[in-house]
Amino acid sequence: MNVFSHPEFDNHEQVSFFCDPKTGLKAIVAVHNSSRGPALGGCRMYPYATDEEALRDVLRLSRGMTYKSALANLDLGGGKSVIIGDPRKHKTEELMEAMGRFLETLGGSYIAAEDSGTSVADLKIMGRQTSNVAGVSARKGFDGNPSNGDPSPATAYGTFVGLKAAVKHKLGRTDLTGLKVAVQGIGNVGYRLARHLHEAGAKLWVYDIHQDQMDRAVEEFGATPVSAEEILTLPVDVVAPCALGAVLNDQSIPKLKATVVAGAANNQLEHPHHDEALMKRGILYTPDFVINAGGIIDVFHERTDHDADKVRAHVESIGETLEEIFTRSDRDGRPTGAIANELAEERFQHIPAQKDQHPESLAKAG
Ligand code: NAD
């Protein structure tokens, strides 16, 4: 298995492998870039078929976090970790404690948060062995409501702010009354996004693979339920993918009737060039790693200041970042995804190494 010459290596600063035969833990931590601060990113547990698959995933995800944090103006670098195993079969308290010991050996260069396959409870178990975990403190949320550390409300609010910025830019409207929006995936983020939209007067169409999730949106928001085939092809103003990745592809893009795509799902473009395909069709694509940064912003503030008003203002800055991306895209005639990548690189490259300037509270708070 190649590491330095791996196609996804992209000059990662640090890749650490950990094995604990007593608990069965096999894990990889990747730190892509720490020029803006310590690397913060989710710890994913997944039954990878091969070590190669796990390495590829952690390298791609870790790089993505560098870009996301830079565009969210956070003093954070990009990193991610993966635990190789089925969370429903192999997850034990001992294994999570071993993961905590592993994180502690990294001396704060990487801070773990929840991801698919791990929960607040798992992070709390790791936290018995290390302070380098995030998203675990009960506190007042950005909206003034109690929060258990779950970043989904902040992600949904940031997505709502970003969707409004895209609608203003593309459709020239600030009043969402009667705006037609199709939401794919009514889970933690999609449900809350739908609520924000409903409260702003938008008309909703929804699809989820789970009927009960859809029923809730129909009852509470008067949404219209549609099929899997219909959700991306409806004659609406906005499509909001909030379920899975790779939904914007050669098959779906020619069928889209919406002129704005703005949703929280990670990795919506099947391939990077699909942002260009969207632009050519006159569709404004809101880069996913910009619009869905509310959660990481919330987790960052958990470890620094806990000030609800500050978190809210920071999440709302997603709208300004997007406006900058849309304006540059119009000016240069280039797709929004490519512009977002460039803007992120401007923010994390060519700045002096600043390990000594990492906020103490961030490295130590737990
Ligand atoms: P979730 O698991 O709570 O919700 C996902 C929903 O999508 C579920 O209701 C599921 O039933 C549904 N779904 C699955 N496959 C589907 C399909 N083929 N068609 C329609 N619906 C389908 O997850 P979430 O936390 O709401 O996250 C949603 C997306 O946003 C994910 O891509 C996630 O990576 C991304 N994201 C989430 C956060 C966060 O704070 N939760 C932060 C950044 C990005």
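Rules and cut-offs
Residues numbered from 1 in each chain as written. Predicted model: local features only at pLDDT ≥ 70, side-chain atom pairs only at ≥ 80, totals over all residues. Heavy atoms only, no water. Helix = DSSP H or I, 4+ residues; strand = E, 2+ residues; numbered from the N terminus. Expected span 1.5 Å × (residues − 1). Buried < 20%, exposed > 50% of the residue type's maximum accessible area, 1.4 Å probe, protein only. Contact = heavy atoms within 4.5 Å. Domains from an automatic or database assignment. Buried area = accessible area lost by both parts, 1.4 Å probe. Salt bridge = Lys/Arg side-chain N within 4 Å of Asp/Glu carboxyl O. Pairing = 2+ DSSP bridges. Axes fitted to C-alpha atoms, helices over the stretch in contact; angles between N-to-C directions. Near = heavy atom within 4 Å. Polar contact = N/O pair within 3.5 Å; in protein donor to acceptor, adjacent residues only side chain to side chain. Areas by Shrake-Rupley, 256 points an atom, 1.4 Å probe, with all protein chains shown as cover. Nonpolar A, V, L, I, M, F, W, Y, C, P; charged D, E, K, R; others polar. Core = buried A, V, L, I, M, F, W, Y, C linked by side-chain atoms within 4.5 Å. Right-handed = clockwise from strand over helix to strand, strands pointing away. Disulfide = S-S within 2.5 Å.

Caption draft 1: Quick look at helix α6 (residues 188–199). In this model α6 runs 17 Å from its N-terminal to its C-terminal C-alpha over twelve residues, within 8% of the 16 Å that 1.5 Å per residue would give. Where α6 is concerned, the buried positions are Val189, Gly190, Tyr191, Leu193, Ala194 and Leu197. Check the buried side of α6 and you find it contacts α5 (152–171), β8 (180–184), β9 (203–207), α7 (211–221) and β11 (238–241). Directly after α6, the chain includes Gly201, whose backbone phi takes a positive value near 95°.

Caption draft 2: Up close: unusual backbone geometry. Positive phi values are uncommon outside glycine, yet Asn73 reaches one of about 55°. Note on placement: Asn73 falls in the loop between α1 (51–71) and β4 (77–84). Note on Asn73: relative accessible area 43%, which makes it partly exposed. Positive phi, normally seen in glycine, also occurs at Ala246, with a value near 60°. Relative to the helices and strands, Ala246 is located in the loop between β11 and β12 (260–261). The exposure class of Ala246 is partly exposed, given its relative accessible area of 31%.

Caption draft 3: Summary view of the domain arrangement of the protein. By domain assignment, the protein separates into domain 1 (14–133) and domain 2 (146–340). Using C-alpha coordinates to define each centre, domain 1 is positioned 26 Å away from domain 2. Facing 17 residues of domain 1, the contacting portion of domain 2 comprises 17 residues. In total, about 1,400 Å² of surface goes out of reach between domain 1 and domain 2, with carbon and sulfur atoms giving 67% of it. For the domain 1 face of the interface with domain 2, the top three residues by lost area are Lys68, Leu71 and Leu74, together amounting to 42%. Inspection of the region where domain 1 meets domain 2 yields zero salt bridges.

Caption draft 4: Representation of the sheet that holds strand β2 (residues 25–33). Read across the open sheet, the five strands follow the order β1-β2-β4-β3-β5; overall the sheet is mixed. In this open sheet, the two edge strands, each paired with only one partner strand, are β1 (14–20) and β5 (110–113). Adjacent strand axes in the sheet meet at a mean angle of 25° when their direction is disregarded. As defined by bridge partners, β2 adjoins β4 across six bridges and the pair is classed as antiparallel. Looking at β4, one finds that Ala27 is bridged to Ile83.

Caption draft 5: The arrangement of the site of the ligand in detail. Lining the immediate environment of the ligand, one finds 21 residues, of which Thr155, Asn188, Val189, Asp208 and Asn266 sit closest. Within the contact set of the ligand, an oxygen atom lies 2.7 Å away from a side-chain nitrogen or oxygen of Thr155. Side-chain polar atom of Asn266 to an oxygen atom of the ligand: 2.9 Å apart, as the coordinates give it. Protein chains shield 73% of the accessible area of the ligand, which is 820 Å² for the free molecule. Those elements that place two or more of their residues in the shell around the ligand are α5 and α6. Of the residues in the shell around the ligand, the class split is ten nonpolar, ten polar and one charged.

Caption draft 6: How the structure looks around the sheet that holds strand β10 (residues 224–225). The six strands are arranged β10-β9-β8-β11-β12-β13 in an open sheet whose pairing can be described as parallel. Because the sheet does not close on itself, it has two edges, and the strands there are β10 and β13 (284–285).

Caption draft 7: Here's a closer look at the nonpolar core. Within the largest apolar cluster, 82 residues are counted, with the highest numbers of intra-cluster contacts made by Val181, Val183, Leu197 and Leu248. The dominant element in this core, judged by the number of residues it contributes, is α5, at eight residues. Excluding anything up to four places from it in sequence, Leu197 contacts Phe160, Leu163, Leu176, Val181, Val183, Ala202 and Leu204. Counting 22 residues, the second-largest nonpolar core is a separate cluster that includes Ala27, Ile83, Tyr110 and Val133.

Caption draft 8: Representation of the pairing of β8. The buried fraction of β8 is high, at four of five residues. Sheet topology places β8 next to β9; five bridges connect them, and they run parallel. What sits directly across from Gln184, in β9, is Tyr207. Where the polypeptide runs from β8 across α6 and back to β9, its parallel neighbour, the crossover connection is right-handed. The pairing of β8 with β11 spans four bridges and is classified as parallel. Note that in β11 the partner of Val181 across the bridge is Val238.

Caption draft 9: Local environment of the state of the cysteines. Within the structure shown, the criterion is met by zero disulfides. As a non-bridged cysteine, Cys19 has Cys43 as the owner of its nearest cysteine sulfur, 16 Å distant.

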